[in-house]
Structure formats: structure tokens, C-alpha cells
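Structural features, examined
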Amino acid sequence: MFPLGAVLLGAVMVAYGWYLAGLAESKTTGLIAGTAAIGLVGGALWGSPGVELSTLFLLWGIFAALVAVVGLWEFETRALGFYALFLTIASLFYLILFLGASVAGLLVSLIAAVCFVLLFFQLTPPFPALQRINGYLFLVSGALVALVGFGMLLKFLA
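Figured I'd write up the structure that's included with this text. (Residues numbered from 1 in each chain as written. Predicted model: local features only at pLDDT ≥ 70, side-chain atom pairs only at ≥ 80, totals over all residues. Heavy atoms only, no water.)

Time to look at the side chain of Q122. Within the secondary structure, Q122 sits in helix α5 (residues 103-123). Within the structure, Q122 has its side chain in polar contact with the side chain of N134 (distance 2.8 Å). For Q122, the residues in contact, after removing those within four places along its chain, are L20, F127, L130, Q131 and N134. (Helix = DSSP H or I, 4+ residues; strand = E, 2+ residues; numbered from the N terminus. Polar contact = N/O pair within 3.5 Å; in protein donor to acceptor, adjacent residues only side chain to side chain. Contact = heavy atoms within 4.5 Å.)

Cis geometry marks the peptide bond from P125 to P126; its omega dihedral reads -20°. You can see P126 is positioned in the loop between α5 and α6 (131-153). Even without glycine at this site, E74 takes up a positive phi of about 55°. Overall, E74 belongs to the exposed group, its relative accessible area being 57%. (Buried < 20%, exposed > 50% of the residue type's maximum accessible area, 1.4 Å probe, protein only.)

Note that an α-helix has 3.6 residues per turn; residues three or four places apart therefore point the same way. Between its terminal C-alpha atoms α6 stretches 32 Å, which fits the 33 Å expected from 23 residues at 1.5 Å a residue. Of the residues making up α6, those classed as buried are N134, G135, F138, L139, S141, G142, V145, A146, V148, G149, G151 and M152. The elements touched by buried residues of α6 are α1 (2-20), α3 (51-73) and α5. Of the residues one or two after α6, K155 is the one with positive phi, at around 70°. (Expected span 1.5 Å × (residues − 1).)

A cluster of nonpolar side chains, namely F150, L153, L154 and F156, defines an oily patch on the protein surface of about 460 Å² accessible area. Looking at the secondary structure, you find F156 in the segment after α6. (Patch = residues over 30% accessible without salt bridge, like charges linked within 9 Å, V, L, I, M, F, W, Y side chains within 5 Å. Areas by Shrake-Rupley, 256 points an atom, 1.4 Å probe, with all protein chains shown as cover. Salt bridge = Lys/Arg side-chain N within 4 Å of Asp/Glu carboxyl O.)

Time to look at the packing of helix α2 (residues 26-47) against α3. Where α2 meets α3, the closest approach of the two axes is 7 Å, and the angle between their N-to-C directions is 160°. Viewed along their axes, α2 and α3 adopt a mutual orientation that is roughly antiparallel. In this structure, α2 meets α3 at a crossing whose hand is left-handed. Considered class by class, the residues forming the contact of α2 with α3 number 15 nonpolar, eight polar and one charged. (Axes fitted to C-alpha atoms, helices over the stretch in contact; angles between N-to-C directions. Parallel < 35°, antiparallel > 145°, perpendicular 65-115°, else oblique. Left-handed = near helix turned anticlockwise from the far one by under 90°. Nonpolar A, V, L, I, M, F, W, Y, C, P; charged D, E, K, R; others polar.)

Moving on: the side chain of T124. Its location among the elements puts T124 in the loop between α5 and α6. Residue class for T124 comes out buried when judged on its relative accessible area of 9%. Contact partners of T124, with chain neighbours within four places excluded, come to R78, G81 and F82.

Here the focus is α5. Taking 1.5 Å of rise per residue, the 21 residues of α5 would be expected to cover 30 Å, and the 30 Å separating its terminal C-alpha atoms lies within 8% of that figure. Capping the start of α5, S102 holds a side-chain oxygen 3.4 Å from the backbone nitrogen of A104, two or three residues further along.

Next up on the list: the environment of G42. Here G42 shows up in helix α2. G42 gets classed as buried once you look at its relative accessible area, which sits at 18%. Distance in space between the C-alpha atoms of G42 and F57 is 8.7 Å, their sequence separation being 15 residues.

Without other data, these values stay purely geometric and don't point to any function.
Dropping the structure here:
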């Protein structure tokens, strides 16, 4: 189930990266993130074998839902920034958890932690100079996360 979650998180990160870089509309980003949020929360509730993976999917699903709310209804982005700080801490926890178990999980957690901490620094103070940098970082990192997920789905990565 982790590969599917990584693909969905990667899709949200790529869509949000396009938005932050100024290359996509907010409504399109919100629609993609909302669809992925449904998949991630559904995976957390019905598809994950363990508590750790269910919690990770739920955290990613809440992030996708917040991106959807900001994109579709243009809510304040500061709440997304504070949640990004929480996701950074959670990603670091999962980085330690995946340390001996899965290289793919380790890679996804590390990428997520770096992206989310920069998103916190962009949205919370606010610091708009980081927007374009974060946009391209989310774009490339989201593609890497999705590729890791696809690699696990196709049995290239363990």
C-alpha cells in the first residue's frame, strides 16, 4: 500500500509545485489535491496493514486536503505552513522508523521532510521570496516521490 501512497503524495507535490512556480491555476491544483486526499484517507482507513502506515497516509491525506482547500476556495495559506512544520517532524520520525526497513520509505521521508520545512518557512512568516524556489523543489521532489512509488509498484525497488 505504501507505493500507492507515494504516487499520490508525489502527484500532490507536483501539482502544488506547478502552482507555486506560477505555472498552474489554483483550482486545478485544488482538484488534483482533493482527489489524492480522498485516495490517501481511504488508504489510511481501509487499505493499510499497520498503524504506522495508516498514520502516515492520514497525515499525507490531511496535507492534500489542505492544499485542496487553499487551491479551490483560496483559504489562508498560513495554516498549511503550520501543518507543514508538523509534517516535517512526522517525516523525520518516519525517517528514523524506515532507517533499517526500507530504502524507498527512507528516501520518501527525507524528500518530504526537506520540502515541508521549506514550505513552512515560506508560508508561515510569510516569506514570498521562497515561493518560486519551493515551486521547482516541489515539482522535482514530487516527481522523485512518484517515481519511487512507481518503482515499488513495478517491483524495481524494495
